[in-house]
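Summary of the model geometry
The chain contents come next:
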Amino acid sequence: MSWVEVANDVFVKSYGADRVNIAAILGPSGTTVVDTGGSPSEARAIVDELRQRFGKPIVGAINTHAHYDHCFGNSVFAELGVPIIGHRRIPAHFDAFEAPRLAAWRKDPGREPDKAWDQVALVHPSVLVEQATTLTAGGREIACLPISRGHTDTDLAVFVPDARVWMLGDVIEESGPPMFGSGSWPLHWPESLRTLLAGIEPADVIVPGHGRAVDRQFAATQATELHAVADAVRSAWNAGRSIDEALAAAELPWPRWMLHSAFERGFSELSAQG
């Protein structure tokens, strides 16, 4: 697959077995890359292709969130002296989820043999974003907007105003239903997405973490589906059902194993609230 121009001088290409979308935002004096891939080898391929395809220096890398397939290539960009921008909670997420996952692999390399965990060194973003921030490296305005709890509590929307294009990571997915993975907040996700949609115009282009570019209507429909999951979690909790009972009763367009994670995390949050 070649780089696809989804908006003016904003290109996207999918990488790796997880088919994560990597975006290249071209400015007059440099390229900013959105997400760094799932391993150093993927990151090196991204760097090589960016240089060959666009012929501009790489002036910045942005992590849309803390999951491995979007940021385990950080070390390669850091070695090149490229600033890495990410949500302020990425270090905490690494400590809670990604570092233990790597430790478990190192103890038993037979775990997840399809992943190149032996290559990975966890590298935090060098610029931690706490509030809406505008970047101008490369000569083009890029907004980084922290998103409230949802897919994770490390999600960052990347918006290019002059092209009206958004990179939202896995807050939106086109190639399949959104993933309730490590650090997800299924009860908060629908409202966080709807709040974000208030600033997205009907003709804007949205680049999801995986799959083809979509529009605002697609994202609004996905918000409705996420709301149905949150309602099902709350309803099952209030009825005193177990997770297995809740899954048996649920009529939602998600695989059972994915919904299990949603109910598990949702029940945990409701339990903590008393």
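Just so it is clear, the structure is predicted and the values come from calculations on it, not from any experiment. Each chain carries its own residue numbering, running from 1 in the direction its sequence is written. For a predicted model such as this one, the threshold for reporting local features is a pLDDT of at least 70, and the threshold for listing and counting side-chain atom pairs is 80 or more; totals across whole chains, interfaces and linings nevertheless cover every residue. Side-chain metrics rest on all non-hydrogen atoms present in the structure, leaving aside hydrogens and water.

**Things to note about the environment of S235**
Tracing the backbone shows S235 in helix α6 (residues 216-238). A sequence separation of eleven residues divides S235 from A246, and the C-alpha atoms of the two residues are 8.9 Å apart. Runs of H or I in DSSP of at least four residues are treated as helices and runs of E of at least two as strands, each being numbered from the N terminus.

**So, the side chain of R140**
Mapping R140 onto the fold places it in the loop between β8 (133-135) and β9 (142-146). In terms of polar contacts, R140 uses its side chain to reach the backbone carbonyl oxygen of L26, at 3.0 Å. Setting aside anything within four residues of it in sequence, one finds R140 in contact with N8, D9, V10, I25, L26, G27, P28, L135, V160, D162 and A163. Polar contact is the term for a pair of N or O atoms within 3.5 Å; when the atoms are in protein, one must be able to donate a hydrogen and the other to accept it, and sequence-neighboring residues count only if both atoms are side-chain atoms. Whether two residues are in contact is decided by their heavy atoms: any pair within 4.5 Å suffices.

**Details of the packing of helix α5 (residues 189-197) against α6**
Helix axes are fitted only over the stretch in contact, all axes being lines through C-alpha atoms; the angle between N-to-C directions runs from 0 to 180 degrees. Interhelical geometry of α5 versus α6 gives an angle of 160 degrees and a closest axis separation of 8 Å. It follows that α5 is roughly antiparallel to α6 by the angle criterion. α6 is crossed by α5, and the crossing has left-handed handedness. Across the interface between the two elements, W189, P190, L193, R194 and L197 of α5 pack against R216, A219, A220, Q222, A223, T224, L226, H227 and A230 of α6. The nonpolar class holds Ala, Val, Leu, Ile, Met, Phe, Trp, Tyr, Cys and Pro. Asp, Glu, Lys and Arg form the charged class, and all remaining residues, Gly among them, are polar. Counted by class, the contact of α5 with α6 contains nine nonpolar, three polar and two charged residues. Geometric relationships in this document are graded by angle, where less than 35 degrees denotes roughly parallel, more than 145 denotes roughly antiparallel, 65 to 115 denotes roughly perpendicular, and other angles denote oblique. Should the near helix be turned counterclockwise from the far one by less than a right angle, the crossing is left-handed, whereas a clockwise turn marks it as right-handed.

**Examining the pattern of salt bridges**
Note on definitions: salt bridges are taken to be side-chain nitrogens of Lys or Arg within 4 Å of carboxyl oxygens of Asp or Glu. In the structure shown here, the tally under the stated rule is nine salt bridges. Salt-bridge contacts for D18 lead to K115; the nearest nitrogen and oxygen are separated by 3.2 Å. With a gap of 97 residues between them, D18 in the loop between β2 (10-15) and β3 (20-27) and K115 in the loop between α4 (90-107) and β7 (127-129) connect regions that are remote in the sequence. Judged by its relative accessible area of 30%, D18 falls in the partly exposed class. The buried label applies to any residue whose accessible area, calculated with a 1.4 Å probe on protein chains only, is under 20% of its type's maximum; exposed applies above 50%, and partly exposed to all values in between. Taking relative accessible area as the criterion, K115 reaches 15% and is therefore assigned buried. With a shortest N-O distance of 3.6 Å, R164 and E201 are connected by a salt bridge. Here the residue R164 occupies a position in the loop between β10 (156-160) and β11 (165-167), and E201 occupies one in the loop between α5 and β12 (205-207), the gap between them amounting to 37 residues. A relative accessible area of 25% means that R164 is categorised as partly exposed.

**Quick notes on the packing of α6 against helix α8 (residues 256-273)**
Two elements in contact, α6 and α8, have axes whose closest approach is 9 Å; the angle formed by their N-to-C orientations is 55 degrees. The orientation of α6 relative to α8 falls into the category oblique. Between α6 and α8 lies a crossing of right-handed hand. Along its contact with α6, which presents V229, A232, V233, R234, A236 and W237, the element α8 presents L259, A262, F263, G266, F267, L270 and S271. For the contact of α6 with α8, the class distribution of residues is ten nonpolar, two polar and one charged.

**Quick look at the nonpolar core**
Considering soluble globular proteins, one finds that nonpolar side chains tend to be buried as a cluster. Residues L168, V229, W254 and F263 are the most contacted members of the largest nonpolar core, which totals 36 residues. The set of elements that each furnish at least two residues to this core consists of β10, α5, α6, α7 (243-249) and α8. Residues within four places of W254 in sequence aside, it is in contact with P177, P178, F180, E225, L226, V229 and L259. Take the buried Ala, Val, Leu, Ile, Met, Phe, Trp, Tyr and Cys residues and link them wherever side-chain atoms come within 4.5 Å; each set so joined is a nonpolar core. The next biggest cluster of nonpolar side chains, apart from the first, holds 20 residues, and it includes A23, I62, I85 and V158.

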